[in-house]
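Residue-level listing of the chains:
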Amino acid sequence: RDRPQWQVEVDKISLIDNRLRYISGDAQPVEGIFDPNALNLRQLTLQAHDLALEPGSAEAHVEKLQFRETSGMDLKKANFDFIVTEEFMKLSNLQLQLNGNQLRGEAGIDYASLAEFLEQPEGAQVNIDIPQFNVDLADLYRFQPDLKQNEYFASLAKKPLSGSLSAEGKISETAAPPPGVSGL
């Protein structure tokens, strides 16, 4: 059976200060608790260029992505380049600032075919280079409120974690060296 041939190219997209709401079933957005079935994005800004989608590949260059979500997630900054093909995917020039969390770096995955990767990801080669991250563990309370009751986690969440991370090799065999982490 022949697949339809199609191609989508977008030179530039600019959405500034928009709202987006997604509700599934009876779910409703609640302040302080993230629910993927009840999303309410405010001040949504997306500026991107050279977006392309066709059978076997996709590409995007995101200059600016920002939003505020009812749960308290405040994506202050996200910019990156992303490409996926039948043989690899790569996220580069990543800069992310979400609430008190920051991350910059890049990651890539090489595989024999995209279909094989989706079925058996452990066979793929991964390369991750995160020269800097800062993580506020207290942000996890939005996703898992019960963590507030865990005294060990609550103690860890009092200080941010920071460091770097590098990993390279087959996913099934990758043993990343201990990340340089401070704040524990």
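Residues numbered from 1 in each chain as written. Predicted model: local features only at pLDDT ≥ 70, side-chain atom pairs only at ≥ 80, totals over all residues. Heavy atoms only, no water.

Peer 1: An account of the pattern of salt bridges is requested, with residue identities and associated values reported.
Peer 2: Under the criterion given, the structure shown has 2 salt bridges. The residue Asp139 makes a salt bridge to Arg142 at a minimum N-O spacing of 2.9 Å. Take Asp139: its relative accessible area is 11%, and that puts it in the buried class. (Salt bridge = Lys/Arg side-chain N within 4 Å of Asp/Glu carboxyl O. Buried < 20%, exposed > 50% of the residue type's maximum accessible area, 1.4 Å probe, protein only.)

Peer 1: Hey, could you go over the packing of aromatic side chains for me, with residue numbers and the actual values?
Peer 2: Summed over the entire model, instances satisfying the criterion amount to 3 aromatic pairs. Between Tyr111 and Phe117 the ring centres are 5.0 Å apart and the planes differ by 15 degrees, which places this aromatic pair in the stacked class. As far as the burial class goes, Tyr111 and Phe117 line up, both buried. Between the aromatic rings of Tyr141 and Phe153, the centroid separation amounts to 5.8 Å while the plane-to-plane angle is 70 degrees, which identifies the pairing as edge-to-face. Taken together, the positions of Tyr141 in the loop between β7 (125-135) and α2 (151-156) and Phe153 in helix α2 put the pair 12 residues apart, joining distant regions of the chain. Accessibility assignment for this pair places Tyr141 and Phe153 in one class, buried. (Phe/Tyr/Trp six-rings, centres within 6.5 Å; stacked < 30°, edge-to-face > 60°. Helix = DSSP H or I, 4+ residues; strand = E, 2+ residues; numbered from the N terminus.)

Peer 1: An account of a negative patch on the surface is needed here, citing residue identities and associated values.
Peer 2: A surface patch of negative charge is lined by Asp11, Asp50, Glu59 and Glu63. In this structure Asp50 comes out as partly exposed when scored by relative accessible area, which is 39%. (Patch = residues over 30% accessible without salt bridge, like charges linked within 9 Å, V, L, I, M, F, W, Y side chains within 5 Å. Areas by Shrake-Rupley, 256 points an atom, 1.4 Å probe, with all protein chains shown as cover. Lys, Arg positive; Asp, Glu negative; His and termini not counted. Charge placed at Lys NZ, Arg CZ, Asp CG, Glu CD.)

Peer 1: I'd like to hear about the nonpolar core, residue by residue, with values.
Peer 2: Listed in full, the 8 residues of the largest apolar core are Ala58, Val84, Met89, Ile109, Tyr111, Phe117, Ala124 and Val126. Those residues in contact with Met89 that lie beyond four places of it in its chain are Ile83, Val84, Ala107, Gly108, Ile109, Tyr111, Leu114 and Phe117. (Core = buried A, V, L, I, M, F, W, Y, C linked by side-chain atoms within 4.5 Å. Contact = heavy atoms within 4.5 Å.)

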